[in-house]
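Residue-level structure breakdown
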Amino acid sequence: MFVTISCLNDYMPIMQGRVAKLNVSLNTYNKIDQSNLGVNDNDSHSNEMSDREEDEDMDVPENVEEIIEMLLSGLRDMDTVVRWSAAKGIGRINLHLTSSLSEEVLSSVLELFSPGEGDGSWHGGCLALAELARRGLLLPASLPKVVPVIVKALHYDVRRGPHSVGSHVRDAAAYVCWAFGRAYYHTDMRSILEEFAPHLLTVACYDREVNCRRAAAAAFQENVGRQGNYPHGIDIVNTADYFSLSSRVNSYLHVAVSIAQYEGYLFPFVDDLLDRKICHWDKSLRELAAEALSFLVKYDPQYFASTVMEKLIPCTLSSDLCMRHGATLATGELVLALQQCNFALPADKQKSLAGVVPAIEKARLYRGKGGEIMRAAVSRFIECISTSKVVLSEKIKRSLFDTLNENLRHPNSQIQNAAVKGLKHFICAYLHASDNKGTSDVTAKYLSMLTDPNVAVRRGSALAIGVLPYELLASQWRNVLLKLCGCCIIEENPEDRDAEARVNAVKGLTLVCETLINGREDTATSFVEDDFSLFILLKNEVMMSLFKALDDYSVDNRGDVGSWVREAALDGLEKCTYMLCKIDKSVCLAGRSDGNEIEPIAHPLTDSMLKNNQELPLFDENLATNLVGGICKQAVEKMDKLREAAANVLYKILYNQMIYIPYIPFRQKLEEIIPKEADAQWAVPAYSYPRFVQLLQFGCYSRDVLSGLVISIGGLQDSLKRVSLLALLEYLEGVESEDPNMRTSRVYMLSVDMLWVLQQYKKCDRVIVPTLKTVEILFSKKIFFNMEAHTSIFCAAVLDSLAFELKGSKDFSKLYAGIAILGYVASGLEPINMRAFSQLLNFLGHRYPKIRKASAEHLYLVLLQNGNLVAEDRIDKALEIISETCWDGDMDLAKHQRLKLYEVVGLEAGLLGNNSDGTSRKTDSKKPTDLDENASYSSLVESSGF
């Protein structure tokens, strides 16, 4: 552009006189427009004619046309900066051109908006028009030609493969509208104000891109402020502001609905949703558009039931996937919205709706590309017509029921969830009150699917059972609960294990319990013996199954998939706790009542409990302790999401407003740890660990908390390890000086709980390895060496665990941690140190070279720190053997040097029946070849600590 302007400098003296005349002409025109009073139209027309004759007499240099051609071609350039510069250049040159040549330039710019041009041309054309309008070079007489083009540009969106282009064009078109509002007087814009307003607001509410929504709203605001006379302009500007349009969901479902109440905007909004949005390439936008369309129904139900429905139903069979998906969703949402507006659909419309799904299946639209999203859309459609209770024939009912069952078997979780939602409403609307014989075995059918070899079938059936109504569950509730409890536990066959199936089983079990408890309350006026059987089963089987699910730490190639089960179990435990406490409360009230109708309730309850050797309350102190302990364990483990979920569940249990949860030990301390504040950041380790680690001082919670805490301290994540360890050390050292024995007491309790963890999780490397790492870290901090007599007991128990855990182990992390612990114990008090020293010496013959080398390093340090282990005259010899031997070299040489070391330190080597790794000597004789630590990829991975 700058080159072009510089070329014009040579011709400026020639054009100055002509420009002066043109400026006089433009000024005269502007004065005529501003006055609007006392001006003779004939005189102004004659002045314009004379100005045009003078313009025609002007000679325009030949190079100007070439320069304009260059600028017009620059409007088509691929780079935005070039198009923007070209538009600026056209605006500046047009300022010095004759009116006839300016009209030619405008015509050339408008040619950029032809259908054959690309998005770059449309964008450049919009920028050029905005520059012309902003500089006052686009005369009002040309607006009728420009406005239709700008309206098309406001909705410009061209599909390109899996996406579309055009957001920059729409943004530039909004800029043109903004420039119009600043450039013209109201008398000039009067004819196009009503045409622009609906299109600008449509873009402001329904555009996919936030910058386009905000640009259109800014253009509308500019026109309202400068032009005025917009219908309800101020109210709309206040509604569609910069911040309210930042969220697409808020723009579709709230801003647009608020604007649609004003006259003149409803039908343009509906047309835009039908023509452009329900067939959009973006799946999420089609779903949002269908929902937005239903939000507008309340303003004119008759129009939607007739005109809009007639447009949508044929589109459900469209060859275009986007169109039929959006139309199916929109049709279902409209039916639901009409029902909520109490609008009764005519019989012919209901018949058309009933035939939508069979027609889709007949056309085989589930197959090929897009079949999955059509299945989800059909499930949502069935849910909507079931909620609205559209009249269906028996044949169509069976067909829709089969469709939902087929979608339940689909491996896609989104399709399964949509089918479950549809099934819930479909059964209540059509099968619940039906006398069809096929509906009596619905529950049995889903129960049999729980053991299907296909994991997708098991996932869907568990969710389906959870949404069955009380009437279908009441006859066989015991079988349903027991089967779901069995599905919550990890499968014995590794090939059958599926985390998603267990997650759905936990969710289904919780939903079934809620349905049964609520159904008994609604249908029965008094408690019967069968009710107490349900309550006892809820306590003994359901709660225990959920506690087992809370201990699901399954891992596959996706990572810790058991965390999904644990998260679902946390939610289930919370809801079942409320149920048990609610039952206890109702039984207690029944026993205290003096009424004749309720008093007999207490007697069957007591008799039934005595027969089953049970006693009230259902939710007792033992159950409360296990519940809080299990939740706190999850609140100190390594996953941020799960820690936050556990803390939130505990918060709800402590501060529930509907029902009080009794029998929680040390409730006051728990309420101090979990304060009643809204801004708690439980996912932040520095916030949560210092609080929950305080529970280590309570014996009923300490073991659960420690078994989760060691996972964080001994884990691989350095930041989490640092924060959790710091919290534990501050807990051990942060005791006030009033009672000097308190710190020793806390360390003692920690040592006892640590031994419990080592015994409880034997050979469970998930817990044992981080526990050993934690013990190693605490030994390095000299934590357990000041417990007087208990120190030896603790160290002896740790050595027993090490002997059991390290025997035959191939886990490098476990071996390294165990060797380090042996080194710390060997450097400690007698007589336990000699035992640790002998075990450490035994590792010099380990089959892994790195383990032999690590053992030698620790032995060397032990001998330097504790000279009492070896005679004073032999310690130098021992240190010489350890330092000069290549322990990570030949294994036979290492074993020979180990025998020498045994002789030097005075230990007997002949009593050793096995090698240090747990393999027998016969095995070594059969396989004399040394095992290289890098012989396999798994060894390499293990040596890295994974």
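Residues numbered from 1 in each chain as written. Predicted model: local features only at pLDDT ≥ 70, side-chain atom pairs only at ≥ 80, totals over all residues. Heavy atoms only, no water.

Averaged over the chain, the pLDDT score is 85; the fraction of residues at 70 or greater is 84%. Taken together, the stretch residues 1-46 has pLDDT below 50 and engages in 42 contacts with residues farther than four places along the chain or on a different chain. Here residues 910-915 is a poorly scored stretch, pLDDT under 50, and it has 10 contacts once near neighbours within four places are set aside; other chains count. (pLDDT = per-residue confidence, 0-100. Contact = heavy atoms within 4.5 Å.)

Next up on the list: the packing of aromatic side chains. In total, this model carries 26 aromatic pairs according to the counting rule given. With 6.2 Å between their ring centres and 50° between their planes, Trp84 and Tyr175 make a pair best called tilted. Taken together, the residues span a long stretch of sequence, with Trp84 in helix 5 (residues 80-94) and Tyr175 in helix 9 (residues 167-183) at a distance of 91 residues. In this structure Tyr175 comes out as partly exposed when scored by relative accessible area, which is 21%. Among the aromatic residues, those joined into a ring-pair cluster are Phe779, Phe784, Phe785, Phe794 and Tyr824. Geometry around Phe804 places Lys762 over its ring, the cationic atom sitting 5.4 Å from the centre. Arg766 extends its terminal NZ or CZ atom over the ring of Tyr553, reaching a point 3.6 Å from the ring centre. (Phe/Tyr/Trp six-rings, centres within 6.5 Å; stacked < 30°, edge-to-face > 60°. Helix = DSSP H or I, 4+ residues; strand = E, 2+ residues; numbered from the N terminus. Buried < 20%, exposed > 50% of the residue type's maximum accessible area, 1.4 Å probe, protein only. Lys NZ or Arg CZ within 6 Å of the ring centre and 35° of its normal.)

In the Ramachandran plot, Lys389 falls in the positive-phi region, its phi being about 55° despite a non-glycine side chain. Among the secondary structure elements, Lys389 is positioned in the loop between helix 20 (371-387) and helix 21 (394-408). Even without glycine at this site, Tyr663 takes up a positive phi of about 65°. The residue Tyr663 is located in the loop between helix 32 (640-654) and helix 33 (667-673) in this model.

Viewed as axis vectors pointing N to C, helix 42 (residues 849-865) and helix 43 (residues 875-884) meet at an angle of 160°, and their least axial separation amounts to 10 Å. The angle between helix 42 and helix 43 falls in the class roughly antiparallel. By crossing handedness, the relation of helix 42 to helix 43 is classed as left-handed. Here helix 42 contributes Ala856, Leu859, Tyr860, Leu863 and Leu864 to the contact with helix 43, which in turn contributes Ile875, Ala878, Leu879, Ile882 and Ser883. Of the residues in the contact of helix 42 with helix 43, the class split is 9 nonpolar, 1 polar and no charged. (Axes fitted to C-alpha atoms, helices over the stretch in contact; angles between N-to-C directions. Parallel < 35°, antiparallel > 145°, perpendicular 65-115°, else oblique. Left-handed = near helix turned anticlockwise from the far one by under 90°. Nonpolar A, V, L, I, M, F, W, Y, C, P; charged D, E, K, R; others polar.)

Moving on, we come to the packing of helix 5 against helix 7 (residues 119-134). Packed helix pairs are characterised by how far apart their axes lie and by the angle those axes make with each other. For the pair helix 5 and helix 7, the least separation of the axes is 8 Å and the interaxial angle reads 35°. In the packing of helix 5 onto helix 7, the handedness of the crossing is right-handed. Of the residues in helix 7, those touching helix 5 at Thr80, Arg83, Trp84, Ala87, Lys88, Ile90, Gly91 and Asn94 are Gly120, His123, Gly124, Leu127, Ala128, Glu131, Leu132 and Arg134. In terms of residue class, the contact of helix 5 with helix 7 is built from 6 nonpolar, 6 polar and 4 charged.

Moving on: helix 40 (residues 812-826). Here helix 40 spans 21 Å end to end across 15 residues, near enough to the 21 Å set by a 1.5 Å rise per residue. When you tally the buried positions in helix 40, you get 13 out of 15 residues, the bulk of the element. The distance from a side-chain oxygen at the start of helix 40 to the backbone nitrogen of Ser813 is 2.9 Å, and the residue carrying that oxygen is Asp811. (Expected span 1.5 Å × (residues − 1). Polar contact = N/O pair within 3.5 Å; in protein donor to acceptor, adjacent residues only side chain to side chain.)

Looking now at the pattern of salt bridges. Note that side chains of opposite charge can pair when their charged atoms are close. Counted by the stated rule, this structure contains 39 salt bridges. The closest approach of N and O atoms between Lys88 and Glu131, which form a salt bridge, is 3.4 Å. Within this pair, whereas Lys88 is found in helix 5, its partner Glu131 is found in helix 7, the two being separated by 43 residues in sequence. Glu131 gets classed as buried once you look at its relative accessible area, which sits at 0%. Taken together, the salt bridges that share partners define one network made up of Arg459, Asp498, Glu500, Asp556 and Arg558. (Salt bridge = Lys/Arg side-chain N within 4 Å of Asp/Glu carboxyl O.)

Moving on, we come to the environment of Asp271. For Asp271, the position within the fold is in helix 14 (residues 266-277). Residue classification places Asp271 among the partly exposed positions, given a relative accessible area of 30%. Separated by 69 residues in the primary sequence, Asp271 and Thr202 place their C-alpha atoms 9.7 Å from one another. Residue contacts for Asp271: discarding those within four places in its chain leaves Arg276, Tyr303 and Lys311.

With that out of the way, let us pick up helix 13 (residues 248-260). For helix 13, built from 13 residues, the straight-helix expectation of 18 Å at 1.5 Å per residue is met to within 8% by its first-to-last C-alpha distance of 17 Å. Burial in helix 13 covers these residues: Ser251, Tyr252, Leu253, Val255, Ala256, Val257, Ile259 and Ala260. Packed against the buried residues of helix 13 are helix 10 (186-206), helix 11 (210-226), helix 12 (233-239), helix 14 and helix 15 (283-295).

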